[in-house]
Structure formats: C-alpha cells, structure tokens
Amino acid sequence: MNLLSDTSIENNYENEGRLTLFVEVILPLAISKNYTYRIPYELNIEVKVGKRVVVQFGKNKVYTALIYKIGTRAPELYEAKYILSILDNEPITTENQLHSWEWMASYYMCSIGEIMNAALPSALKLASETRITLNREAEFDKSLLTDKEFLVVDALDIKAELTLNDIIKLLGQKTVMPIIKSLSEKRIIMVIEELQQGYKPRIESFVSLNPTYFDQDRLRDLFQVLERAPKQVDLLMTYLRLSKLKKEVSKKGLLEESASSPAVFNALVEKEIFSLEKKEVSRFKTDEIEIIRNFELSAAQQDALETIQAGFTENRPVLLQGVTSSGKTQLYIRLIEACIQQGKQSLYLLPEIALTAQMIERLKAYFGDKIGIYHSKFNDNERAEVWKKVLKGEYRIVLGARSSIFLPFTDLGLIIVDEEHENSYKQYDPAPRYNARDIALYLSKLHTASIVLGSATPSLESYFNVKSGRYRLASLQERYGGVKLPEIVITDLAQERKQRSMKSHFSGMLFRAMEQALERKEQIILFQNRRGYAPMLVCSTCAYTPKCVQCDISLTYHKHDHKLHCHYCGYKQTIFHLCPACGGTQIEQKGFGTEKIEDELAILLPNARITRMDLDTTRTKFGYQQIINDFEDRKIDILVGTQMVTKGLDFENVSLIGILNADAMLNFPDFRAFERSFQLMTQVSGRAGRRSDRGKVIIQTYQPQHKIIDWVKHNDIQSLYKSELAERSSFHYPPYFRLIQLDIKHKEIEKLNAAADMLGRELKQQLGNRVLGPEFPLVNRIRNLYIKTLLIKIEKENISLSRVKQVISESIAHFYRESEYKTTIIKIDVDPY
DNA sequence: AGCACGCCGACT
DNA sequence: GTCGGCGTGCTC
C-alpha cells in the first residue's frame, strides 16, 4: 500500500480534486490483521494517522477503530467499505505509541487490536450495543408467536428496550439470535445498533464583564444606572472582587460567593453587562498546595544521584538498590526536577498497592498541577482526561500504575520504575500479558529517555543485567536521617526445644522481645506465610490426609468456619471427627497458620490487642484499609499476617518483627520461589524501626545455618545470585528466559497430559536441549475445564526470541492439524528474564 | 470478539 | 422430525 505523508495527501487532494484514500485501521478485537476502509471524498482532508474512525465490521456491528496507515491504492481482492465518520479533530495517539504497540503485539504474541484495547481508556472506545425495541406500528396476532417469542414481546411491553444480555437472561439460553431474527423478520421488533459515546468533557460557564466597562468612568456610570437594583449592584461588586483574585470567574462560583439568585444574574446578562462563555474544565481539583522544595540530600543519596546521572549519560538503564527508608523518593524528585528543567515529560511507575494517598499528596506538594495521576481506581472520564492532558503536554509528570505506560507521551525524558521487582507490573489476563517494567525499558529506548529501576530487593533478572553490564548499579545501603537498620537475629528452634524454652510456636527469645516491646508500648508484626489454622491434617492411625478432590493438594483447616479449604481452587468441605479412611478418632494437626498464631497469642498475652491480616480478614471491601488504619492509630499491638504485611506500609512505631517459620520458605521448587523467599523476608525485615533506632528482627528456624537467612541479614543479593543454591534450583537464574503459560484446555486429564507432552517433545526436537518441556506441569481445574501450563525455558545466548516464537507457532499449527485430540491452546505468555 | 453456518445428539 | 449444543470460519 502506498504510504503518504500528511502534506502529500493535501497536495494530491488539491491537484486532482478527487483522489480516493484508503485507510488501514486497527479494530479493537483479537484479530491478527488490520482491515482497509475507504474514505468518502469530503473527509479526505481530515484523515490522519492516529485519529479514531467509526466503521462497520461484519454484518451489523459498529466499532471505533484507529487509523494506522493511509494509502491510495484500492484493495484488489475485495470491495472496501466506507468509514462512517471520523471522531477526532486531532490524532489521539502518537507515532511512538503506534511503534510500541506494534512491538508489543509481536513480543507478547497477540493482536495489535488487543494492545489498543488495553491502551485506550474505555471512554475513548465506543462499542455498539444491540438494543431491541417493539415496533409500535406493527399489527400481529399474538397467538401465532412461539412461547419464547411471546416472552420477549411481553417483556418489551413492560420495558421499552432490551439488550441482548437481557434476552439471554430472560429466556435462560445462549442462542437467542434465531428468535430475534424471526421476530425482526415479522416486523414485530426493531433491532437498533448504536454507538455509545464515552467521554464527556465537563463544561462550566464562565462570566466576563463587557469590555466597555473596563473604562473607570463608564463603570461609575453603570453603578449609577443600577442604583435602584441593589441586588445587581451587589453581584457586580462580588464579580469585580473575584476577578481580581482569579483569572476566570465561573458562574457557579460567583453565585455561591454572592448568594445571589440566578434571576439577578440573568438580568445582568440581559443588559449585556455580563457575558457568558462555556468552557471545558478539568475534573481534577487544582488546589494550590503549599510547595515544599527544600530538602537536603544525605552524602549517600548524593553519591547515588551522581551514579544514576553517570548511568544516564552512558545511555544505560540504572538499577537503584536501596534499603527501605533510604530515601529513594527524594532522589526521584531530584531526577524529575532535572527532567522538567530540560522541558521533558517524566513517568513515575508504581505498583498499584504502593499508589497510596500519602504518596500522591507528597508528590503533588512538589509538583502542583503539573502532575497527573493514572490508575485503575479512576473512572473512564477521568482516565480519558489524563490521556488528553498528557497528549497536549499539560501534564509534565505522570504518576501511575502499570497501565500508564500506554499514555501518549510526546517528549518523554525520564522513566522511574519503583519497586521494580513487583509482580503486579505483570498483567496475566487478558492479553496483552505484558510486564510494564519491560515495556518501560522499551519505551526508554524508543524515546531516548533515561530510566531508573528502583527496589530494595531487585529481581534477579535485573540484577543479572547489572552483572552483565547492561545496567548500571547505584546503591543506597543506609537509612535516611541516620536511622539505623534493624538488628537481625536468628534463633535456633532445635536448641530452644532442647532447652524447653519454647512457648507454643514462639521461641523464648521472641517471646521475651515481644513482652519488652509491649511494655514500651511499641508495636509488633508477626509474619507467618500461611493462612488458616493448620495446613494439614493427618490421621494418627492410618496416616490418611484429606486432599482436594480437584487439585490433589492437602486441605487446610480453618477454625473460623470449621471447614477444610483448598487454597488452590477454593474448594471447601466440612471438618470430620472420625477418619474417613479407617474410622480412627485421633486426627493430628500438622503445621500452623496465622489463625492458630492469633489464637495462641490471645492466651499467652491476654492483655495485648491482636489482629490478624490475611486474605480471610481482608476479603471485605474495606477490611484491609480498616486494619491498616487501626494499626497506624496504635489500636493494635500485634499484627499477625501473611505476605500482605510486607508490602509498602510505613508504620512508625513498629520495633519488632518476628518471622515465625523461615523454614517454610526455604525449599525452592524453582528459582522464582527462591527469589521470592529472599524478597519476602527482606521486605518484612525492613519494616522494623523505620523511624527510630530501635528495630529488631527475629527469624525462627531449625536451619540457622541456611544461607538465605544470612543473605537476608546483609541484604546480599549478590551472594544469592551467585550461589550454588540458585545453580541447583530446578529453574536456573538468568541468563535464561522462559515462555510461560502455554495453556491447553481439555476436559479429560489424560488427553491433556498427552497433548502437553506431545507439544513439549515437538519443541524439544526443534530447539534441542535448550528447551525444557512440560517438566513442571501446573495442572489446575477451573470449573469443568482442565488447564495445563507448560513452562518452557530457553537459553537466551543461543537462540533468539523470535525463533522460539516461530517454532512455537509452527508446532501449535502442526499439532493442531495432526492431533487426534481436540485441544485448544488458549493463551501464550512471554515472560523474558 | 461477534455472528452465521453446519453438524450431531435428545426431546416433543 | 426439529431444537439447541458446539466447532469452524469470516469479517475490509
């Protein structure tokens, strides 16, 4: 297809007058190709790449599509349909965005339409919805209708309009089209296909004074004339006062301030003293917050800042490894300031959970209304508004969660990815299954922007990139403001048992420390990475263990509802008191979870206020926030929790952390689990003594010599990375990447296994020993489907990602044709290290 | 993603 | 015999 630049289109248009243009558009669907539409002549001059158009696609569906390419040659194999309209005056996407979409589609093996779907705020996408109404003019005999048709007509008598979904619910069946079709043919109903406009700008009326009265004398005259209308004089005075304070006076603000009625206001408009103007306004408050710019960087921070800047000049991404409370945010603020001074935009990415009101306020205080916030809690209109402001360059900084990598930056100069290791940067479902951190790295190249990845516990792949010289490392190993790092001690549970100093699941050391902390009115966090009461039940007569019927995983006993839960699929069954296998009465509980700890603490420390924080106590809408608030307000002395307590919370008064069972975290099925243990223990340790010099972490273990505990003590990711443990863990640390989640669904487990094995063999044959087949199958049962996840590891040095993807696509295609099993591959996920 | 079309088991 | 389930293919 002939590509034309914008100017040449106009030239051709002028020269020939009747040039036909064709546009290739991106449809918001999971279709691998783009489709070509024809432009009506009168719209020729408006056509531009990046504008949205409305097109009909398929028989009666209307979609918003995006102009991707413009050409002049008519497609040969088919007749192109006309576009119905152009929605935008200016493109809503940038060239760089379209580049990155293209790259993402190929990298994550999905369609560009799926990328667009994820990228555009839904207010910018209009989808047509089929609505059904009764044709009032039609005359028909109700007795001639089938039962189902009658039901639909009846429902339409009551409710004027129904959607397809309404009818599906009404009839209780999935295939409703034949019924609708038949009714429509009989002209009894009408089927309406209509686009629903999403984004509505907020409009406010602004008042201005007729310029005649800018003249002082005329203004004085005006007051004379109005002498007999005191209310109007009053309103006019208020206006004059407000107009000195603000650039623009809104009608709403003026009426509120003057306590005048709209009638008085209208009178002044009638007399042409006031004029009204409607303007689009922002939904976001732009209250001027006091700007605090003065803070001093510590020597360590200054050092790190210089290292980061050196990395920038070398055009290398920088990994900033800084212990918790080391003041990374202050460094980021300095970097953003420098970026603004160069007149460029900055993007500050945070995982969703770390996007707290506190964080947002803090940055707003520095950057005022130059900063835009973008995350999933925003509604559609707000998102669309941020989008437009970023495009226009009104926002110089964006603070946002993973989806903000899709915003239309025009001149990006800096990207910060905070908590780089966080799993929540990865989108797992639906496609595109992207990792915002990796996209950020790609964007930094595309925009030639600087990028910093920050974390207290970097991911091993990022650390590998430091070791291999791709990234530059900057580190901050001391806390800001001279606060000491916590003291980390290990207590040997075998020893304590021998000396009989244990108090239920607490070592003497931990228990004494807890008593002391409570005496000093300091708070305690106890970390136990297992929820429920007991993770396993065993019959002491026959060794029977209850397992999930679906997942083959031992069931956890939950005391609060006296049920056995499967933590994998959510299956529940009631507790039994006699062994279902042998009828034995002695049933033993193995291990312990947060529920049991909470129970025992209540007995051992009856005066302490104890709260548990895990999935079970935070399931309600505000449960999580409630617990956090109570803990902050010191209404809780001891917080017992699972990994939830490790994340981004900043409690001032916590002086003691207990890791109750480190051993549960020391067996590594693969290197991700291994990395995770290190991260979780390091993160929870970092919560101790953040604002005071008194911070202590006690790690309980039967394996005090275990290396990972030692590394946690020294925040030593380097040893972790180099260790023979990593070497031995069944998944190797980088330089490898893997393709994960090649999911196959089938209803029969044997066929599924056979299919997965076959695919694994095929891949191995083609790619050699560098491929790890379905050795680590993750079999899950979701409703009545079995899903199998193939984990595939490929050595990066020897084989390119594109080759891997090619072989996988080919194998799947081949496998599909040859297979006697009817198997569907439902998703493919790329997770490069 | 929708939607049409075609094939096949289980109901009046 | 048809109704409604599901697999397959197409949409500019």
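The residue count restarts for each chain, going from 1 along the sequence in the order it is written. To read the labels, note that chains go from A and ligands from 1, taken in the order they are written. Residue-level local features of this predicted model are given only where pLDDT is at least 70; pairs of side-chain atoms are given and counted only at 80 or more, and the full residue set underlies all totals for whole chains, interfaces and linings. As a rule here, side-chain values cover all heavy atoms of the structure and leave hydrogens and water aside.

- As recorded in an unreviewed UniProt entry, chain A goes by the name Replication restart protein PriA, listed as coming from Solitalea koreensis.
- Recorded in UniProt under Sequence similarities (unreviewed entry), the annotation for chain A is "Belongs to the helicase family. PriA subfamily."
- On record in UniProt, under Function (unreviewed entry), the comment for chain A is "Initiates the restart of stalled replication forks, which reloads the replicative helicase on sites other than the origin of replication. Recognizes and binds to abandoned replication forks and remodels them to uncover a helicase loading site. Promotes assembly of the primosome at these replication forks." UniProt positions are given in the numbering used here, feature names are shortened, and annotations may be inferred rather than shown by experiment.

**A word on the UniProt feature "binding site: Zn(2+) 1" (unreviewed entry) in chain A**
Next up, step 1: Residues annotated in UniProt with the feature "binding site: Zn(2+) 1" (unreviewed entry) correspond here to C539, C542, C579 and C582. Look at the named residues: they lie 44 residues apart in sequence, but the longest C-alpha span between them is just 8.6 Å, so in the fold they bunch up.
Next up, step 2: You can see C542 is positioned in the loop between β21 (536-539) and β22 (556-558).
Next up, step 3: It only takes one pair of heavy atoms within 4.5 Å for two residues to be counted as in contact. Ignoring anything within four residues of it in the chain, the contact list for C542 reads C579, A581 and C582.
Next up, step 4: Its location among the elements puts C579 in the loop between β24 (572-574) and β25 (587-590).
Next up, step 5: Each residue gets one of three labels from its accessible area relative to the maximum for its type: buried under 20%, exposed over 50%, partly exposed in between, using a 1.4 Å probe on protein chains only. On the basis of relative accessibility, which here comes to 4%, the residue C579 falls in the buried class. Helix numbering and strand numbering both begin at the N terminus, where a helix is a DSSP run of H or I of at least 4 residues and a strand a DSSP run of E of at least 2.

**Points about the side chain of R479**
Next up, step 1: Looking at where R479 falls in the secondary structure, it is placed in the loop between β18 (472-476) and β19 (487-492).
Next up, step 2: Among the polar contacts made by the side chain of R479, one reaches the main-chain carbonyl oxygen of G686 at a distance of 2.9 Å.
Next up, step 3: Distance and chemistry together define a polar contact, namely a pair of N or O atoms within 3.5 Å, with one atom able to donate a hydrogen and the other to accept it when in protein, and with adjacent residues in sequence counting only for side-chain atoms on both sides. A distance of 2.7 Å separates a polar side-chain atom of R479 from the backbone oxygen of G689.
Next up, step 4: For R479, the residues in contact, after removing those within four places along its chain, are V323, T324, S325, S326, K484, L485, P486, G686, A688, G689 and R690.

**Focus on the UniProt feature "domain: Helicase ATP-binding" (unreviewed entry) in chain A**
Next up, step 1: UniProt's feature table lists "domain: Helicase ATP-binding" (unreviewed entry) at residues 309-476, given in the numbering used throughout.
Next up, step 2: Across residues 309-476, helical content stands at 37% and strand content at 21%; the span's end C-alpha atoms are separated by 15 Å.

**Re the protein's contact with DNA strand B**
Next up, step 1: When we say a residue is near a molecule or strand, we mean one of its heavy atoms is within 4 Å of it. By nearness alone, every residue bordering DNA strand B is listed as L29, A30, N60, K61, Y63, T130, L164 and M177.
Next up, step 2: Sugar plus phosphate: this is where 91% of the atoms of DNA strand B within 4 Å of the protein reside.
Next up, step 3: Any residue that is not Ala, Val, Leu, Ile, Met, Phe, Trp, Tyr, Cys, Pro, Asp, Glu, Lys or Arg is counted as polar, Gly included; the first ten are nonpolar and the last four charged. Counted by class, the surface near DNA strand B contains 5 nonpolar, 2 polar and 1 charged residues.

**Some details on the pattern of salt bridges**
When charged atoms on two side chains of opposite charge get close, those side chains can pair.
Next up, step 1: Any Lys or Arg side-chain nitrogen found within 4 Å of a carboxyl oxygen on Asp or Glu counts as a salt bridge. Enumeration according to the criterion identifies 21 salt bridges in this entry.
Next up, step 2: Residue E314 is joined to R472 by a salt bridge in which the shortest nitrogen-to-oxygen separation is 2.7 Å. Here R472 lies in strand β18 and E314 lies in the loop between α11 (299-313) and β12 (318-322), a separation of 158 residues in the sequence.
Next up, step 3: D614 serves as the salt-bridge partner of R612, at 3.0 Å between the closest nitrogen and oxygen.
Next up, step 4: R612 gets classed as buried once you look at its relative accessible area, which sits at 10%.
Next up, step 5: Residue classification places D614 among the buried positions, given a relative accessible area of 0%.
Next up, step 6: What emerges from the salt-bridge pattern is a single network uniting E420, R437, D438 and E461.

**Observations concerning the nonpolar core**
Next up, step 1: Throughout this description, the term nonpolar core refers to a set of buried Ala, Val, Leu, Ile, Met, Phe, Trp, Tyr and Cys residues connected via side-chain atoms within 4.5 Å. Counting residues in each nonpolar core, the largest one holds 125 residues, and the members touching the most others are W101, I308, Y348, L399, I405 and I708.
Next up, step 2: When residues no more than four places from it in sequence are discounted, the contact partners of L399 are Y348, L350, L355, I360, L363, I371, G372, I373 and Y374.
Next up, step 3: In terms of nonpolar packing, the next biggest core, distinct from the first, is built from 21 residues, F511, F592, I597 and I638 among them.

**Some thoughts on the packing of aromatic side chains**
Next up, step 1: Only centres within 6.5 Å qualify two rings of Phe, Tyr or Trp (six-membered ring in Trp) as a pair; their planes then separate them into stacked at under 30 degrees, edge-to-face at over 60, and tilted for everything else. Taken as a whole and judged by the stated rule, the model has 16 aromatic pairs.
Next up, step 2: Ring centres 4.6 Å apart and planes at 20 degrees place the aromatic pair W103 and Y107 in the stacked group. With W103 and Y107 both in helix α2 (residues 95-107) and 4 residues apart, this pair spans about one turn of that helix.
Next up, step 3: What makes W103 partly exposed here is its relative accessible area of 23%.
Next up, step 4: Both rings, one in W103 and one in Y442, keep their centres 4.0 Å apart while their planes meet at 5 degrees; by these two values the pair is stacked. Placement of W103 in helix α2 and of Y442 in helix α15 (residues 436-446) is noted, with a sequence separation of 339 residues between them.
Next up, step 5: Pairwise contacts between aromatic rings join W103, Y107, Y108 and Y442 into one cluster.
Next up, step 6: Geometrically, a lysine NZ or arginine CZ counts as sitting over a ring once it is within 6 Å of the ring centre and also within 35 degrees of the ring normal. Here R383 stacks its cationic end above the ring of Y374, 5.5 Å away from the centre of that ring.
Next up, step 7: Directly above the aromatic system of Y428 lies the positively charged group of K426, at a separation of 5.0 Å from the ring centroid.

**Some points on α15**
Next up, step 1: Across the 11 residues of α15, 8 count as buried, placing the element largely inside the fold.
Next up, step 2: The set of residues buried in α15 consists of A436, R437, D438, I439, A440, L441, L443 and S444.
Next up, step 3: Of the surrounding elements, those touching the buried residues of α15 are α2, β13 (345-349), β16 (412-418), β17 (450-455) and α16 (460-467).
Next up, step 4: If you check the start of α15, you find a side-chain oxygen 2.8 Å away from the backbone N of R437, and it comes from N435.
Next up, step 5: T448 sits one or two positions beyond α15 and adopts a positive phi of about 45 degrees.

**Examining the confidence of the model for chain A**
Next up, step 1: pLDDT measures the predictor's confidence residue by residue and takes values from 0 up to 100. On average, chain A scores 84 in pLDDT, and the residues at 70 or more come to 86%.
Next up, step 2: Between residues 1-15, whose pLDDT stays under 50, and residues either more than four places distant or in other chains, the model counts 23 contacts.

**A look at the packing of helix α4 (residues 147-158) against helix α6 (residues 177-185)**
The packing of two helices is summarised by the inter-axis angle and the distance between the axes.
Next up, step 1: With axes taken as lines fitted to C-alpha atoms, and helix axes fitted only over the stretch in contact, angles between N-to-C directions fall between 0 and 180 degrees. Direction vectors running N to C along α4 and α6 enclose 75 degrees, while the axes themselves pass 10 Å from each other. Taken as axis vectors, α4 and α6 run roughly perpendicular relative to one another. Contacts between α4 and α6 involve K148, E149, V152 and V153 from the former and I179, S182 and L183 from the latter.
Next up, step 2: In terms of residue class, the contact of α4 with α6 is built from 4 nonpolar, 1 polar and 2 charged. Oblique is the label for every angle not falling under 35 degrees (roughly parallel), over 145 degrees (roughly antiparallel), or within 65 to 115 degrees (roughly perpendicular).

**Focus on the environment of G454**
Next up, step 1: With respect to the helices and strands, the residue G454 is situated in strand β17.
Next up, step 2: Assessed through its relative accessible area of 0%, G454 is described here as buried.
Next up, step 3: Taking the C-alpha atoms as reference points, G454 and D154, separated by 300 residues in sequence, lie 61 Å from one another.

**Observations regarding the packing of α11 against helix α12 (residues 328-341)**
Next up, step 1: At their nearest, the axes of α11 and α12 sit 10 Å apart, and the two run at 45 degrees to each other. Taken as axis vectors, α11 and α12 run oblique relative to one another. For the element pair α11 and α12, the recorded crossing hand is right-handed. Each of Q301, A304, L305, I308, Q309 and F312 in α11 lies in contact with α12, whose residues at this interface are Q330, L331, R334 and L335.
Next up, step 2: Broken down by class, the residue content of the contact of α11 with α12 amounts to 6 nonpolar, 3 polar and 1 charged. Two helices that cross are described as forming a left-handed crossing if the nearer one is turned anticlockwise from the farther one by less than a right angle, and a right-handed crossing if clockwise.

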